[in-house]
Amino acid sequence: MMTACDVAAITKPWEIQQQVAELVASEFFEQGDMERSQLQAEPIPMMDRKKKDELPKMQVGFIDFICLPVYKVRNNNSSIPLTVNCHALISVPLQYFLGTDILGKQSLSF
């Protein structure tokens, strides 16, 4: 249940999802910058500001391989099923990150 809560931003309305994604990415990039400057270490791709153009693809992977499986397990092991709304909300960032122009927006800004 805690893991499902940790990745719950993808179940929120798009405007909130986008804000959370930008905040998380900013925090990750700061961490990557510190690793590079203070530890002289290459950060992992999702924390590497130099790879910010790959972030949409990484986000889709995160949703596909982390979030959706967590929610499927949670749904199968709960007497309270996930709503259709939850699945519909998750499809919004997938469409956005895969390049379909929904809500008239082109990309996340970092």
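Not measured: the values here are computed from a predicted model.

Peer 1: Just to check I follow, could you spell out the overall build of the chain for this structure?
Peer 2: Looking only at helices and strands, the chain has four helices and zero strands in total. Burial statistics for the chain: of 110 residues in total, 31% are counted as buried. For the chain, restricting intrachain contacts to residue pairs at least 6 apart in sequence, the fraction spanning at least 24 positions comes to 54%. For the chain, the computed accessible surface area is about 7300 Å², with 60% contributed by carbon and sulfur atoms.

Peer 1: Explain helix 2 (residues 14-38) to me, please; I cannot follow it from the model alone.
Peer 2: For an α-helix the count is 3.6 residues per turn, leaving residues at separations of three or four pointing the same way. Here helix 2 spans 36 Å end to end across 25 residues, near enough to the 36 Å set by a 1.5 Å rise per residue. Listed in full, the buried residues belonging to helix 2 are Trp14, Gln17, Gln18, Ala21, Ala25, Phe29, Gly32 and Glu35. At the C-terminal side of helix 2, Gln40 shows a positive phi close to 50 degrees.

Peer 1: I keep staring at the nonpolar core and nothing clicks. Help me out?
Peer 2: Across soluble globular proteins, nonpolar side chains have a tendency to be buried as a group. In this structure, Val7, Ala8, Ile10, Ile63, Cys67, Leu68, Val70 and Tyr71 together form the largest nonpolar core, which totals eight residues. Each residue touching Val7, except ones within four places of it in the same chain, is listed here: Phe62, Ile66, Cys67, Val70 and Tyr71.

Peer 1: Got a minute to help me understand unusual backbone geometry in this structure?
Peer 2: Not every positive phi belongs to a glycine, and Gln40 is a case in point at roughly 50 degrees. The residue Gln40 is located in the loop between helix 2 and helix 3 (55-76) in this model.

Peer 1: Explanation requested: the pattern of salt bridges in the structure shown.
Peer 2: Working definition: two side chains of opposite charge can pair if their charged atoms are close together. A full pass over the atoms with the stated rule returns three salt bridges. A salt bridge links Arg49 to Asp33, with the nearest nitrogen and oxygen atoms 2.6 Å apart. Of this pair, Arg49 sits in the loop between helix 2 and helix 3 while Asp33 sits in helix 2; the two residues are 16 residues apart in sequence, bridging distant segments of the chain. Judged by relative accessible area, Arg49 falls into the partly exposed class, the value being 37%. Judged by its relative accessible area of 28%, Asp33 is partly exposed. Its salt-bridge partner being Asp48, residue Arg36 comes within 3.1 Å of it at the nearest N-O pair. Placement of Arg36 in helix 2 and of Asp48 in the loop between helix 2 and helix 3 is noted, with a sequence separation of twelve residues between them. A relative accessible area of 2% means that Asp48 is categorised as buried.

Peer 1: Mind showing me how you'd approach the confidence of the model for the chain here?
Peer 2: Fine structural detail should not be taken from predicted coordinates in areas where pLDDT scores are low. On average, residues of the chain score 75 in pLDDT, and 64% of them reach the 70 mark or higher. At the low end of the mean pLDDT range in the chain sits helix 4 (residues 84-97), at 54; at the high end sits helix 2, at 92. Segment residues 100-110: pLDDT under 50, and 25 contacts once partners within four positions in sequence are set aside and those in other chains are kept.

Calculation notes
Residues numbered from 1 in each chain as written. Predicted model: local features only at pLDDT ≥ 70, side-chain atom pairs only at ≥ 80, totals over all residues. Heavy atoms only, no water. Helix = DSSP H or I, 4+ residues; strand = E, 2+ residues; numbered from the N terminus. Buried < 20%, exposed > 50% of the residue type's maximum accessible area, 1.4 Å probe, protein only. Contact = heavy atoms within 4.5 Å. Areas by Shrake-Rupley, 256 points an atom, 1.4 Å probe, with all protein chains shown as cover. Expected span 1.5 Å × (residues − 1). Core = buried A, V, L, I, M, F, W, Y, C linked by side-chain atoms within 4.5 Å. Salt bridge = Lys/Arg side-chain N within 4 Å of Asp/Glu carboxyl O. pLDDT = per-residue confidence, 0-100.

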